Amino acid sequence: MKPLTEQDIRASFVNSTKGEAKRMHVPRDLGDRPWDDLDFLGWTDPAAPDRGYLVTELDGKLVGIALRRAAQTGRARKTMCSWCLTTHSGDGVSLMSARKAGKSGQLGNTVGVYVCADLLCPLYLRGKKSAGPGSRFKEAITLDDQVERMITGVGAFLDRVNS
């Protein structure tokens, strides 16, 4: 992924108002992000841990979505991210919901997906971040194919947000 600026990020959101995009907390360490290892930029809001954000390039255009993290059930169990297939213990995977774009979202319609709660899927996939022993299964497909599968999953979710 190419490095993004705060302005690029704020202008990319499809399921937020301009005011919401202006008020969101954008990461302050954009210059230090491992852009070569990111297929999308994902982060959680330090002031509101139930909020997350994702920005990626889709069909040559930056697309950002605001996410809400569902309340945890309190049961400690292992769950798997739908995008990177990393298994986490406890609350490492969360149901993240996104308000749909346009009129449908204004009516309160949302879509959801179970993903890494910290939205760092590209780093887990590449082994740059670990969720602990046994969190990544050895797969028969190449890393490039795993990345493509993750990107396809993210794109399908964004299509649902935009539909």
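Use the structure listed above.
Before going into details, it helps to say that this report is about the structure given with it. Since we're looking at a predicted model, the values are computed, not measured.

A word on the environment of Asp 159. By secondary structure assignment, the location of Asp 159 is in helix H5 (residues 143–162). Among the residues examined, Asp 159 registers a relative accessible area of 47% and is labelled partly exposed. Placed 52 residues apart in sequence, Asp 159 and Leu 107 show a C-alpha to C-alpha distance of 18 Å.

This brings us to the pattern of salt bridges. Applying the stated criterion to the full structure yields nine salt bridges. Here Lys 128 makes a salt bridge to Asp 37, at a shortest N to O gap of 3.8 Å. Taken together, the residues span a long stretch of sequence, with Lys 128 in the loop between helix H4 (121–125) and H5 and Asp 37 in the loop between helix H2 (18–23) and strand S1 (41–45) at a distance of 91 residues. A salt bridge links Glu 139 to Arg 149; its shortest N-O distance comes to 2.8 Å. Of this pair, Glu 139 sits in the loop between H4 and H5 while Arg 149 sits in helix H5, and the two are 10 residues apart along the sequence. When its relative accessible area of 30% is taken as the criterion, Arg 149 is described as partly exposed.

Below, the discussion takes up the environment of Ala 98. For Ala 98, the position within the fold is in strand S6 (residues 93–99). The exposure class assigned to Ala 98 is buried, which follows from its relative accessible area of 0%. Along the sequence, Ala 98 and Met 80 sit 18 residues apart, while their C-alpha atoms lie 19 Å from each other. In this view, Ala 98 contacts Asn 15, Ile 65, Ala 66, Leu 67, Asn 109, Thr 110, Val 111, Phe 157 and Val 161; residues no more than four positions away in its chain are not counted.

Between its first and last C-alpha atoms H5 spans 28 Å; for 20 residues at 1.5 Å apiece the expected length is 28 Å, and the two agree. Looking at H5, one finds that the buried residues are Gln 146, Val 147, Met 150, Val 154, Gly 155, Phe 157, Leu 158 and Val 161. Check the buried side of H5 and you find it contacts strand S2 (48–58), strand S3 (61–69), S6, strand S7 (110–116) and H4.

Attention now moves to the packing of aromatic side chains. For the coordinates displayed, the defined rule picks out four aromatic pairs. Taking 5.9 Å as the distance between ring centres and 85 degrees as the angle between the ring planes, the aromatic pair formed by Phe 13 and Tyr 53 counts as edge-to-face. Here Tyr 53 lies in strand S2 and Phe 13 lies in the loop between helix H1 (6–11) and H2, a separation of 40 residues in the sequence. Exposure remark for Tyr 53: the relative accessible area of 5% places this residue in the buried category. An aromatic cluster is present here, built from Phe 13, Trp 43 and Tyr 53 joined pairwise through their rings.

Right, let's talk about unusual backbone geometry for a bit. One non-glycine residue with positive phi stands out, namely Asp 59, at about 55 degrees. Along the chain, the position of Asp 59 falls in the loop between S2 and S3. Residue Asp 59 is classed as exposed on the basis of its relative accessible area of 79%. Its identity is not glycine, yet Leu 85 carries a phi of approximately 60 degrees, on the positive side. With respect to the helices, strands and loops of the structure, Leu 85 is situated in the loop between strand S4 (78–80) and strand S5 (87–89). Classification of Leu 85 as partly exposed rests on a relative accessible area of 25%.

Definitions and cut-offs
Residues numbered from 1 in each chain as written. Predicted model: local features only at pLDDT ≥ 70, side-chain atom pairs only at ≥ 80, totals over all residues. Heavy atoms only, no water. Helix = DSSP H or I, 4+ residues; strand = E, 2+ residues; numbered from the N terminus. Buried < 20%, exposed > 50% of the residue type's maximum accessible area, 1.4 Å probe, protein only. Salt bridge = Lys/Arg side-chain N within 4 Å of Asp/Glu carboxyl O. Contact = heavy atoms within 4.5 Å. Expected span 1.5 Å × (residues − 1). Phe/Tyr/Trp six-rings, centres within 6.5 Å; stacked < 30°, edge-to-face > 60°.

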